[in-house]
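# A look at the structure
Spelled out, the chains give:
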Amino acid sequence: MPKEFIRRYLPDRDHVKHQRHLQVFGELLHDPNLWHLNRRSVSGAFAVGLFIAFIPIPLQMVLAAAVAMLFRVNLPISIGLVWITNPLTIPPIFYFTYRLGTWMMGVPMRHQDFELSWQWMVAELAIAWKPFLLGSFVTGTVAALLGYFITRGLWRLHLVRHFRQRKAERLLRERPKE
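Residues numbered from 1 in each chain as written. Predicted model: local features only at pLDDT ≥ 70, side-chain atom pairs only at ≥ 80, totals over all residues. Heavy atoms only, no water.

## Digging into the overall build of the protein chain
- The helix and strand inventory of the protein chain stands at 7 helices and 0 strands.
- If you list the helices and strands of the protein chain from N to C, you get α-α-α-α-α-α-α.
- With 178 residues in all, the protein chain has 35% of them scored as buried. (Helix = DSSP H or I, 4+ residues; strand = E, 2+ residues; numbered from the N terminus. Buried < 20%, exposed > 50% of the residue type's maximum accessible area, 1.4 Å probe, protein only.)

Okay, here's the thing in structure tokens:
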């Protein structure tokens, strides 16, 4: 994965440092390892961001930033990947995680008519929280592992191709002209 391609889509370092909800981290945001683009940092950021994206908690971005700082992986990528679960994708993703959890626990799925009320939400969550959290944890873990290893593999593939291309170009230059 070329660094230039990734840099094109990353926000500016100063822009991220001045986000008000990340100010709780203070000087920790100035660690240069949080901004490096290398195979370890980017693949680790994919693992962190994808795992946190599937955990159903508020303030996922802050948690992703904290975990990225803990593991010293790329901060903007970790935070950006959390947005895989956004207001449009949350219903199908969390429905899938709930179904996965019920399947893993061997409990039947509950089919209830949706009602937009706090009482309905509390009553349903009291029943469905175990399979929902299990499915979320398993989905997050699988996504994190896949993201980590696929990113490392693609990065390595890019490097191998790049070195082969450089070697071929060097051999063409060194070849005696007839």
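## A look at a nonpolar patch on the surface
- Taken together, Val-142, Leu-146, Ile-150, Leu-154 and Leu-157 make up a surface patch of nonpolar side chains, about 430 Å² in accessible area.
- With respect to the helices, strands and loops of the structure, Val-142 is situated in helix α7 (residues 118–174). (Patch = residues over 30% accessible without salt bridge, like charges linked within 9 Å, V, L, I, M, F, W, Y side chains within 5 Å. Areas by Shrake-Rupley, 256 points an atom, 1.4 Å probe, with all protein chains shown as cover. Salt bridge = Lys/Arg side-chain N within 4 Å of Asp/Glu carboxyl O.)

## Side note on the packing of helix α3 (residues 39–53) against α7
- Packing of α3 against α7 brings their axes to within 7 Å, and their N-to-C directions diverge by 160°. By the angle between their directions, the pair α3 and α7 is classed as roughly antiparallel. The chirality of how α3 crosses α7 is right-handed. Between α3 and α7, the contacting residues are Arg-39, Arg-40, Val-42, Ser-43, Gly-44, Phe-46, Ala-47, Leu-50 and Phe-51 on the first element and Phe-137, Gly-140, Thr-141, Ala-143, Ala-144, Gly-147, Tyr-148, Thr-151, Arg-152, Trp-155, Arg-156 and Leu-159 on the second. (Axes fitted to C-alpha atoms, helices over the stretch in contact; angles between N-to-C directions. Parallel < 35°, antiparallel > 145°, perpendicular 65-115°, else oblique. Left-handed = near helix turned anticlockwise from the far one by under 90°. Contact = heavy atoms within 4.5 Å.)

## Overview of the packing of aromatic side chains
- As enumerated under the stated definition, the model contains 3 aromatic pairs in all.
- Centre to centre, the rings of Phe-94 and Phe-132 are 5.1 Å apart; their planes meet at 80°, and the pair counts as edge-to-face. Taken together, the positions of Phe-94 in helix α6 (residues 90–105) and Phe-132 in helix α7 put the pair 38 residues apart, joining distant regions of the chain. Of the two residues, Phe-94 and Phe-132, neither departs from the other in class, the shared state being buried. (Phe/Tyr/Trp six-rings, centres within 6.5 Å; stacked < 30°, edge-to-face > 60°.)

## Points about helix α4 (residues 60–71)
- In a regular helix each residue adds 1.5 Å, so 12 residues correspond to 16 Å; α4 covers 16 Å between its end C-alpha atoms and thus fits that length.
- Every buried residue of α4 is accounted for by Gln-60, Ala-64, Ala-65, Val-67, Ala-68 and Met-69.
- Count one or two residues on from α4 and you reach Arg-72, which has phi positive near 55°. (Expected span 1.5 Å × (residues − 1).)

## With respect to the pattern of salt bridges
- What the rule picks out here adds up to 1 salt bridge.
- Notably, a salt bridge pairs Glu-174 with Arg-170, separated by 4.0 Å at the nearest N-O pair. Of this pair, Glu-174 and Arg-170 both sit in helix α7, 4 residues apart, which is roughly one turn of that helix.

## Considering α3
- Between its terminal C-alpha atoms α3 stretches 21 Å, which fits the 21 Å expected from 15 residues at 1.5 Å a residue.
- Within the span of α3, buried status applies to Ser-41, Val-42, Ser-43, Gly-44, Ala-45, Ala-47, Val-48, Gly-49, Leu-50, Ile-52 and Ala-53.

## Regarding the environment of Phe-132
- Judged by its relative accessible area of 14%, Phe-132 is buried.
- Considering only alpha carbons, one finds Phe-132 and Tyr-98, 34 residues apart in sequence, at a separation of 4.2 Å.
- Ignoring any residue separated from it by four or fewer positions in sequence, one finds Phe-132 in contact with Pro-56, Phe-94, Thr-97 and Tyr-98.

## Some thoughts on the environment of Ala-45
- On the secondary structure map, Ala-45 appears in helix α3.
- Expressed as a C-alpha distance, the spacing of Ala-45 and Ala-144, which sit 99 residues apart in the sequence, is 9.2 Å.

## Brief notes about the nonpolar core
- Ile-52, Ala-65, Met-69, Leu-75 and Ile-77 are the most contacted members of the largest nonpolar core, which has 21 residues in total.
- At the level of secondary structure, the elements contributing two or more residues to this core comprise α3, α4 and α5 (75–81).
- If one sorts the elements of this core by residue count, α4 sits on top with 5 residues.
- Membership of the second largest hydrophobic core comes to 10 residues, among which are Ala-53, Phe-54, Phe-94 and Met-109. (Core = buried A, V, L, I, M, F, W, Y, C linked by side-chain atoms within 4.5 Å.)

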